[in-house]
Each structure stands twice: as C-alpha cells, then as structure tokens.
Amino acid sequence: MKEIFAAAANELRNFARERNIAAEFTFHRGVSKLVRFANSGVSANTNEDTFSLDVDVTIGRAKGSFSITTSPKDIDGMKIALLRAAEIAKFAVPVSFERKIPILPERLPDDSNFDQRIESMTTADALDLVGQATDDLLSDGLSLAGMVSSGAIYEARANTLNNNLLYHAGTDANMELVITNDKEKWEIQSSQSAVRFSQFAPEELREEFALLLEQYKNKERMSVPVGEYEVVFGRDAIANLMNYFGWIGFNGRSLKHDMSFLREDDIGKQVFSPLLTVVDDPSFSDTYPYAFDASGIERQAFPLIREGVFQNFFWDKETVEEFGGEPTGHDVPSMSIAIGSGNTPVNALSDLLAAPREKDILYIPYLHYMGIVNAAKGIVTGSTRFGALYLKKDGSIAVPYNMRFTASLKDLFSNIKWISQRRAALNLTNLYGRRHPEAMLTPRFTCIEKVPITLANTSF
Amino acid sequence: MNSVYLPLLRDQLARLKESGADYADVRFHDYDESESLFFLQGELRGCEQNSKFGLGVRVLADGAWGFASASSLGDLDATFQRALRSAKEAAKCLERPISLAPRDVLENVRFKSPCKVDPFDIPLKEKIEFFKSVDEKLRKDFVKQRFLSYESEHRQIHFLDTEGSYGVREIVDIFAGMRVVGLDVDGLSQERTYNLTLDPRGTRGWELLRDPKCFLDHAERIVNELESVLSAPVCPKDVRSVILKPGIMFLQTHEVVGHALELDRILGYELSFAGGSFVRLQDFGNLRYGSDKMNVAADATLPNSPGSFGFDDDGVPCQNVTLIKNGILQSALTSRQTITEANEKAGMIIFEKSGASNRATDFTRPPIERMTNINILPGTDGTLEDIVKSTKKGIIMDGDRSWSIGSNREQFHFACEIGWLVEDGAITGIVRNPTYSSPTLPFWRSMSAVGNASTCELVQVANCGKGLPSQVMRLGHCVPVCRFDNVQIGL
Ligand SMILES: [Zn+2]
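Reading guide: rules and limits
- Residues numbered from 1 in each chain as written.
- Chains lettered and ligands numbered in written order.
- Predicted model: local features only at pLDDT ≥ 70, side-chain atom pairs only at ≥ 80, totals over all residues.
- Heavy atoms only, no water.
- Helix = DSSP H or I, 4+ residues; strand = E, 2+ residues; numbered from the N terminus.
- Buried < 20%, exposed > 50% of the residue type's maximum accessible area, 1.4 Å probe, protein only.
- Contact = heavy atoms within 4.5 Å.
- Buried area = accessible area lost by both parts, 1.4 Å probe.
- Salt bridge = Lys/Arg side-chain N within 4 Å of Asp/Glu carboxyl O.
- Polar contact = N/O pair within 3.5 Å; in protein donor to acceptor, adjacent residues only side chain to side chain.
- Nonpolar A, V, L, I, M, F, W, Y, C, P; charged D, E, K, R; others polar.
- Pairing = 2+ DSSP bridges.
- Donors = N, O, S within 2.8 Å, 3.2 Å for Na, K, Ca; no water.
- Expected span 1.5 Å × (residues − 1).
- Phe/Tyr/Trp six-rings, centres within 6.5 Å; stacked < 30°, edge-to-face > 60°.
- Lys NZ or Arg CZ within 6 Å of the ring centre and 35° of its normal.
- Domains from an automatic or database assignment.
- Core = buried A, V, L, I, M, F, W, Y, C linked by side-chain atoms within 4.5 Å.
- Axes fitted to C-alpha atoms, helices over the stretch in contact; angles between N-to-C directions.
- 1 Å grid on protein atoms, 1.4 Å probe; cavity = no way out; pocket = protein on both sides within 12 Å on 5 of 7 lines; lining within 4 Å.
- Points joined across faces, edges and corners; volume = space filled by probe spheres on them.

1. So, unusual backbone geometry
Step number 1: Put simply, Leu468 of chain B and Pro469 of chain B share a cis peptide bond, and its omega is -10°.
Step number 2: Turning to its location among the elements, Pro469 of chain B is positioned in the loop between β22 (457-466) and β23 (471-479).
Step number 3: Unlike most non-glycine residues, Asp136 of chain A shows phi in positive territory, near 70°.
Step number 4: Structurally, the position occupied by Asp136 of chain A is in the loop between α4 (123-134) and β4 (142-159).
Step number 5: The exposure class of Asp136 of chain A is exposed, given its relative accessible area of 68%.
Step number 6: Even without being glycine, Asp258 of chain A reaches a positive phi, approximately 55°.
Step number 7: When its relative accessible area of 17% is taken as the criterion, Asp258 of chain A is described as buried.

2. As for the interface of chain B and chain A
Step number 1: The partner chain A presents 78 residues to the 84 residues of chain B that form the contact.
Step number 2: Contact between chain B and chain A buries roughly 6400 Å² in total, counting both sides, with carbon and sulfur atoms accounting for 50%.
Step number 3: Put simply, chain B and chain A have six salt bridges between them.
Step number 4: Residues Glu318 of chain A and Arg45 of chain B are paired through a salt bridge, measuring 3.5 Å at the closest nitrogen-oxygen approach.
Step number 5: Linking chain B with chain A are 46 residue pairs in polar contact (both at pLDDT 80 or more).
Step number 6: For the side of chain B that touches chain A, the leading source of residues is strand β2 (residues 43-52) of chain B, giving nine residues.
Step number 7: Here the side of chain B that touches chain A is built from residues that sort into 32 nonpolar, 28 polar and 24 charged.
Step number 8: Relative to β2 of chain B, strand β3 (residues 62-70) of chain A runs parallel, the two being bridged by five bridges. Residue Phe66 of chain A lies in a different strand from β2 of chain B, and its bridge partner there is Gln49 of chain B.

3. With respect to the coordination of the zinc ion
All names here are of chain B.
Step number 1: Every protein donor of the zinc ion is listed here as His254 (NE2), His259 (NE2) and Cys464 (SG), and their distances to the metal cover 2.0 to 2.4 Å.
Step number 2: Site description for the zinc ion: donor spacing in sequence, H-x4-H-x204-C. Within this pair, whereas His259 is found in the loop between α6 (246-258) and α7 (263-266), its partner Cys464 is found in strand β22, the two being separated by 205 residues in sequence.
Step number 3: The buried category is assigned to His259, whose relative accessible area is 4%.

4. A few points about helix α2 (residues 75-91) of chain A
Step number 1: Across its 17 residues, α2 of chain A extends 25 Å between first and last C-alpha, which sits within 8% of the 24 Å expected from 1.5 Å per residue.
Step number 2: Inspection of α2 of chain A places Ile75, Gly77, Met78, Lys79, Ala81, Leu82, Ala85, Ala86, Ile88 and Ala89 of chain A among the buried residues, and these make up the whole buried set.
Step number 3: Turning to α2 of chain A, the residues buried within the fold contact α1 (2-18), β1 (23-38), β2 (41-59) and β3 of chain A together with β2 and α3 (124-138) of chain B.

5. Some details on the packing of aromatic side chains
Pairs of aromatic rings are described using the distance from one ring centre to the other and the angle between the two planes.
Step number 1: Under the counting rule described, the total for this entry stands at 45 aromatic pairs over all chains.
Step number 2: Centroid distance Tyr229 of chain A to Tyr390 of chain A: 6.2 Å. Interplanar angle 75°. Geometry classified as edge-to-face. Here Tyr229 of chain A, found in strand β8 (residues 227-234), pairs with Tyr390 of chain A, found in strand β16 (residues 389-391); they are 161 residues apart in sequence, far enough to count as distant. Across the pair, Tyr390 of chain A and Tyr229 of chain A agree in class, each one buried.
Step number 3: Summarising the aromatic geometry, the rings of Phe250 of chain A and Phe310 of chain A are spaced 6.3 Å apart at their centres and angled 15° between planes, so their arrangement reads as stacked. With Phe250 of chain A in the loop between α6 (235-248) and α7 (252-256) and Phe310 of chain A in strand β11 (residues 309-310), the pair connects residues that are 60 residues apart, well separated along the chain. Just as Phe250 of chain A is buried, Phe310 of chain A falls in that class too.
Step number 4: Clustering of aromatic rings is evident, with ring pairs tying together Phe245, Phe250, Phe261, Phe272, Phe310, Phe313, Trp315 and Phe413 of chain A.
Step number 5: The ring of Phe120 of chain B carries the charged tip of Lys127 of chain B above its face, separated from the ring centre by 5.9 Å.
Step number 6: Here Arg336 of chain B stacks its cationic end above the ring of Tyr23 of chain B, 5.6 Å away from the centre of that ring.

6. Quick look at the domain arrangement of chain A
Residues and elements named next belong to chain A.
Step number 1: Taken domain by domain, chain A holds domain 1 (2-218) and domain 2 (221-456).
Step number 2: In total, about 3700 Å² of surface goes out of reach between domain 1 and domain 2, with carbon and sulfur atoms giving 51% of it.
Step number 3: Looking at the side of domain 1 facing domain 2, the largest losses of area belong to Phe97, Gln215 and Tyr216, adding up to 15% of the total buried there.
Step number 4: The interface formed by domain 1 and domain 2 contains seven salt bridges.
Step number 5: Among the ionic pairs, Arg99 bridges to Glu318, the shortest N-O distance being 3.8 Å.

7. Structural notes on the pairing of strand β17 (residues 397-400) of chain A
All names here are of chain A.
Step number 1: Side chains of β17 alternate between two faces, with Ile397 and Val399 and Ala398 and Pro400 buried alike.
Step number 2: Both strand β7 (residues 221-222) and β17 contribute to a ladder of two bridges, which runs parallel. Counterpart to Met222 in the pairing with β17 is Pro400.
Step number 3: As paired strands, β16 and β17 are joined by two bridges and run antiparallel to one another. When the bridges of β17 are listed, Leu391 appears paired with Ile397.
Step number 4: Between the end of β16 and the start of β17, which pair antiparallel, lie five residues, with Gly395 showing a positive phi angle near 95°.

8. Looking at the side chain of Arg103 of chain B
Step number 1: Within the secondary structure, Arg103 of chain B is located in the loop between α2 (76-90) and β5 (107-112).
Step number 2: In this structure Arg103 of chain B touches Tyr23, Phe159, Asp161, Glu163, Ser165, Asp314, Gly315, Val316 and Arg336 of chain B, once residues within four positions along its chain are discounted.

9. Comments concerning the nonpolar core
Step number 1: In terms of nonpolar packing, the biggest core is built from 105 residues, with Phe233, Leu241, Met242, Phe250 and Phe413 of chain A touching the most fellow members.
Step number 2: Among the elements that line this core, the one with the most residues is α6 of chain A, at eight residues.
Step number 3: Beyond its immediate sequence surroundings of up to four residues, Phe413 of chain A is in contact with Ile238, Leu241, Met242, Phe245, Phe272, Ser273 and Leu276 of chain A.
Step number 4: If you look at the next biggest cluster of nonpolar residues, it comprises 70 residues, including Leu12 of chain A together with Leu138, Trp206 and Leu209 of chain B.

10. Thoughts on the sheet that holds β23 of chain B
Sheet strands associate in pairs through backbone hydrogen bonding, adopting either a parallel or an antiparallel arrangement.
All names here are of chain B.
Step number 1: Taken together, three strands build an open sheet; the order of strands is β9-β22-β23 and the sheet is antiparallel. Here the strands that pair on one side only, and so sit at the sheet edges, are β9 (197-198) and β23.
Step number 2: Seen against the sheet, α6 touches β22 and β23 and runs at an angle of roughly 120° to β23.

11. Looking at empty space enclosed by the protein
Step number 1: As enumerated under the stated definition, the model contains nine cavities of 30 Å³ or more in all.
Step number 2: For the largest cavity, the calculated volume is near 340 Å³.
Step number 3: Residue lining of the largest cavity: 24 residues in total, with Ser43 and Ala44 of chain A together with Gln337, Pro367 and Ile368 of chain B positioned closest to the centre.
Step number 4: Sorting the residues of the lining of the largest cavity by element identifies β2 of chain A together with β4 (64-70), α8 (336-346) and β15 (368-369) of chain B as the ones contributing at least two each.
Step number 5: Considering each element in turn, the lining of the largest cavity owes the most residues, four residues, to β2 of chain A.
Step number 6: For the lining of the largest cavity, the residue count by class is nine nonpolar, ten polar and five charged.
Step number 7: By volume, the second largest cavity is sized at about 200 Å³.

12. Quick notes on the pattern of salt bridges
Step number 1: For the coordinates displayed, the defined rule picks out 71 salt bridges over all chains.
Step number 2: Residues Lys417 of chain A and Glu358 of chain A are paired through a salt bridge, measuring 3.6 Å at the closest nitrogen-oxygen approach. On the criterion of sequence distance, the pair formed by Lys417 of chain A in strand β19 (residues 416-419) and Glu358 of chain A in the loop between α9 (349-354) and β13 (361-364) is long-range, its members being 59 residues apart.
Step number 3: Measuring nitrogen to oxygen at the nearest pair gives 2.6 Å for the salt bridge that ties Asp424 of chain B to Lys392 of chain B. Residue Asp424 of chain B is found in the loop between β18 (411-423) and β19 (426-431), and its partner Lys392 of chain B is found in the loop between α9 (384-389) and β17 (393-405); the two are separated by 32 residues along the sequence.
Step number 4: The structure contains a network of salt bridges with shared partners spanning Arg99, Arg253, Asp316, Glu318 and Glu322 of chain A together with Glu43 and Arg45 of chain B.

Below, the structure written as structure tokens:
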C-alpha cells in the first residue's frame, strides 16, 4: 500500500505546487472483517474495504478541508478534492493564531505491528476461536453472543513542504464474547485483544467463563443495598473509567476549555492514590502504538501520573498553536495508555474468589453506558453489566442485579486499595467510521474503596 | 434512474441468485456529500466537506447473512462474491435459519426530503456570515466559551434487490447547534445548548436558518438562561414531580422507549454491545408501560424529519406504527427478518408486517432496526403554564447534559442543563446541576400530565449509536412537555 500512497502523494504534491496551494494529505485505507454472534449463531458476517483521502489546504491563517471516500486509484477524484479544499480555504475566515503546516521529518515506515495472519483472518478462524472459547459451555438455555473483529489499517501523511511520507500500517483483532441466559436475562462477558494471531488464547476465555457460569448458575441472586462498597473492578471497567482521563483529565485542550477536572496547579501534586501510575507509552506493542504523530514528532513514554502525583497534560498541535507551549506528540488517533501494575497476587478470577476478605465486596468487571454528570468535577455515572459478583465476608458468593454508581474520578482513583501484579491489553477500538485500533494496558483487577452505589435493580 | 452502474448491479444480483443466494440487495451511493462547520469563540475552526462513493451488498444464503462493502466499483465481482461467500460461511454456525417476511416489490419508488433551498447551493461565505451573526448574540462577559456547529448532508441512494425492487432516495439533512459555557459561583463550568428543531410539516433546507424563529432567536434565550444558572443554587436532593421540556423529553423517549422497543434488541441481537430490553415478546398487547396518558407512535410518515425516508433498507415503505396506546404496549420497531423470528418464537402472530425500521448508516454497514420518529402524542393538559399551575412540588428541566441507561433500558440517569423549582403551582427559582434518575416502568406509569400540541417540538437526533460494526443514525422525536410524579432528583 505504501507505494500506492507514495505515488498518489507525489502526483498530488506536484499538482498542488503547480497551483501554489499549500496542502496536507492524509491517506487511510481500512480493511475490516467482523463476525457477529447472537442467539448462538452468526448474525452478521461483514467485510469492508474503504479508502479515503483528507486534504487540508492552508492559506495564511485560514484552512479548508475536504475528504473523499473513493477508490485508491481515483487520482482524478483526489485532485478534485484538493481543488475543493483550496476553494473552501479561500472563503474560510482566518483564525486569531498562527497555523503552521508541519515540516515532516524523514521516518522509517511504522509497520512493525503488522501481522499477515490477522490481516487474512477468515470466518473459519473466527468460528474456530469462538468454538474453543465456549467449548461445552453452551447448554441449559445459554446462548452465545459477541464478535470477532479483525482488520488492517494503512495510513500515510504528506504535505507540499517537502517530499517525505510518514507511513503507518498495523493489524488488530479482538474477540469479545458474551454468554447469555435469555430466560433470566443475565449475561457474562470476556474478551481478548491481539496484535498477532498467535496471541489469542481461547482457553483462557473458556476458563473464565466456566468459573463465572458456576456462580451465575448456582448462587443466590440479590439486590444489593444502596450504599458505599469496596469494589474490585475488572480490566474492562477500569479501562472505561481511565478512558475519561484522556477526555476530561489529561487533555490540555479540555483544560483550556474549562472541561477538565484536573487543573494546571495540580501538576506535581499528590492528587491520586500512591498506588496509581499511568503512562502513555508507545513501546507497549499491544496498544497498537504509533511511532510518530501526525506532525512526525517521535512518540516517547509520556508520564501522566506517577505514584499518584499528577505529571503532565498532553498537548495537540492546534491547542499549542492557540495557547502556546510545546506539542507533546499527541496528534494521534489513539494513545498507548498503560496503568501500572501493583503487587497483589490476585491475577485470575479464581484468585479473587479464593482470597480471604475482611468485609463484603463487589466485583464489577464491566461498566455499561457511562455518562459525564459534571466534567469540571470529574463526576461520572454508569451501570454494572456482565458478570458482577457479590463476594461476602463469610466466604459465600451471590450474584447481584445490575447497579448504578455515581462518583468523581478523583475520589475513585484516590481510594485504590490494591492492584494486581498482572496486566493485559484491553481492546478499546470503536467500530464506528474509519478503522482506528486502540487498546489500553490495564491491571487484571483494581480494588477501590468507598464506591457509592446509588441505585440497585430488583431483577435482571 | 440516472446511474450508468445500475445495469451492472442488476447483473451482479442475478449472478448471486444463480450462485445460490436466496435473496440479495445492494445499496449504491452515487452521490453522497456532507459539509460541516465548527466555530469556537466566533472563529471558524473547522470547515470540512466530504464526498463518498461506494456500495454495500447484503446476501441471504443457506439461511444466513453475508455483507460486503467497497468504496470502489472497480472489482464488483469480488465485492458481490465476498458477500455471498460470507453468507455461506456464516451458515455453518446457525441456530435458526433466517427468513424474510413477505412484502410488495418496490416499483421504481422515488423519495426526496422536503427542502426548499439545498444547503449545498448556499455559498460558504453566506454560511460563515450567518453563523458570525449568531455568535454576536452569544457574546457576553459571563460566556467563557461559545460553540456553533453546522452539518448538512445530501445523498442519493439506489436500492435494488433480487425480488425485482428498485427505489432511490434523495435525502437532505441539516443540523445546527449553539452552546454557551460559563463558570458558576464555584468556578465550575455550566452550559446551555440549543439545537435546530424542525417543523414536522415544513421543509429542511437552508431556509430554516434564514428564519430567525428557528435558530437565531434562541441565542438570546440560552445566554440569559446560562446567566441565571451560574449563580443559582445547586439542585436539591429530593423526590418530586419532574416536568420535562422537549429539550430533555426527546432523550427520555429515545433512551427508554425507542431503544427498548427495537425488536432486534428484544430478540437478543444486541446483547453483546448496545444491550437488551426489559420488554419480552409476551408483553405486546399486555404490558402497562405507562399511565393512561402515554401514547407513543413510530411515525416515519411525518413529512419532514430525518426519521422519514420513504422506504427502509429492506425496501419496505415507511409507516406510522402505534407503539403504546393509553399506556399499554402495542408494537415495536421491526424489520422483515425480526418479525418472522418473533412470531415464530412467540408461537403467534404479534407483528402482521414489517414496520420498515431497518436502516444502515451508509453503504459500509448492513441495516439493523433503527428508530424512525418516536413521538409522544400530545395530550389534553394544556400548556407548560397550565401544567406548572397544577403542580404542588416539582421541578422543570431542560437540556440534555449527560445520559446513562441500564443495559436492558430498565433504569436511567439524566443530567440536565437547567432546572426551575415549582412550589404550589408557581416557579420559585432556578437551580443548577439538575439530575433525575429512576427505574423505567415506574417512571412512565407516574406520567401525570401531557402538554397539548402547542408544547410539541420535533427534535432531531444525529448521533444515535448501535450495532457491530457500529453505526450512527439520524432520526427524530416529536414530543410535548410532560410531567412525571415522585421522581428522585439531585443524585
Ligand atoms: Zn440512541
């Protein structure tokens, strides 16, 4: 694909230069396959191959953008896109700050996380993985739902300032399965993210499902009394919570727009539990990292929270152009967030169930449909879903109906009691629009005290 | 029929039939343009146009679906055959073969959104000047951030299937919004928003923005309301009557009526992502969803709304379906596939025919059940003033700030932008950070007042998300002011 992008970039650059147009080009091709399961069958088996080109034309401080979704061979269409972006830029009103097209450095192709085996995954591969992950488990009114999603992206950036081309390609895959009991209306879930096909270990999913099913089939169901609880969050739940930091916490743009619960004077302060360390680190290959950002800035480990002390906001190019400062290499479709591991040897669900407990605790593996109640205070709300457990002090286990919690992120991450030793990547790729894989490295379990449960359902 | 590609597509469909497809359809976007503008502090920050071209092919073979899409028509064979192959491979893992309910063939049907002035015919300069004039109205010392957004689409979609259908839809949509943000007495941000609403009997071109009543005049109102919120006390923690204006009533309807009544959710097709529904097949015709005052329709025959589109992606003409009558559940949002399965599972005919709710966001996705216009029918309880007068202890709320809903839509939590406390039939003051939450059925059963038609607004939704691979959808909600009793607020 690199050669096709390079040839198109050459032609477009020349076409632009002949007309004195200062332009930036972003090429994207996404090849996607998704096998979806519902009611124990394949409910959708989809394939997508979409190519698009974004053109940004800058005239002084004014910018015009045009995107075209077409065939990668449609050079004429791309030239029209360039002319239309130039036309828009002519009429666009200049902004109050300096806008600069970046001088793209020479960089080696960033395609080391590309696995041919994932790129060519078939329906049969998906059926095989799912078969192994649920082998012998789907009886007694249980059904299978979920998906196996796989694909590849090919991206390139170029502009009229020089002849360099930044190229990025990668593959990604995610198996996210749900076992449902249609009669009782409960569901349990487990997932696995992969950069390489060989990373899939369906037997691990099976083991977790088997253990959860034992609880869900046999244990007492209950509505948990509303109040404060010690909660052990699973990796999906903790990733979901940490994801809000990228939006209303660490993000310099949100800070400047009064939409961040972290402030400039929080830098260097002990804002969170000393057990919490968070870094954006592209050296973790499981996070679908970018080696450089859209301006060609080399991405390096970027500390966000160190032992509870807030370290840094990250800054994108446009925010820096407007408010000053230095860009931090964060003009990327996805970051490589990693939450530091702890030293508690609770690394599998079986460990958690077997661990002695001083009080009643909740296990919440997954949060559904979170909402920001108040961005400036970092207050979020969400409901539990998929496999929560009520682990009682006396050693017994019950299955709680879904609950809602409403809490501030600052409070939650200040009250960490312990973190597992083991971490794994959790796939966060959203499957709307253009393919852009994303994953976060999260501890297996994170125990947080004083979590306010504000509503508890009285049935499934 | 002006596309040179149509004979090629017909040819491919015929070949699919020969190769063992039971049914196939293709959606071909030969013209698909969109434009978006974004202003921050009166500055044009984003100015983008987009042009798309491509097709999506859906094949039913051996009882299973396969789907393939491409942004290139260079290798039609490959795309059509990939869809067929995917169906056959999917059929190897199937509990119940899919079959489609019968419907009449679409014979050369043409649908066009009502639009007087195509937004794409308006010069960019005029658009920018218009939004700058709106921004002027938002400029006040206490307004820290001013946001304006605009998005329009104009697309032509050809639909062909192996049953001989052909139809083409020319769809124009226009969305515009304004938002002001200020810091309250505690230094925390508060916001007030207005999004362009439609006249369900009118048109939806640039003419809407030229009419000050539709957009510009709301600028002053939201700025004044923001100013009041900034110094207002915090919403109390209490249980009282909640009076919802259309700016939040639409979302209340969307989240726990619309989504809960999508038949694919009820049948378990979204359990691994968007979620299920507390509604069961045996509930149709029986379940008391709300009080006697609750009447809900899925009306895709409204002349002017993104939830009206001529025919759905099953090729079934749009309809007006009664979902809830006098509080009792009647029907759902349905498609050719799901009604067959639901009737079979229930062992009786619940759904006579498809309600034409099967839609895809664009050619890259297969269709799934989506809302059309999910409307609360107006009631007999007068105007907002009348409803306030008859309220002992309540709170009026407006503006959707956050929403979070249980996975089976059985409970919810909403945060709004502004609240007005009501005591003994009169408004006594404004509060900030108003929130309310409740289990779903007790909430609708406590519906104690429904405003008349003069209180109704048609609110557009541009970003309803669902499905894997995921898709956003555009739709509408025509809703009046409504009151609900004994609701938890301030959590
Ligand atoms: Zn929605």
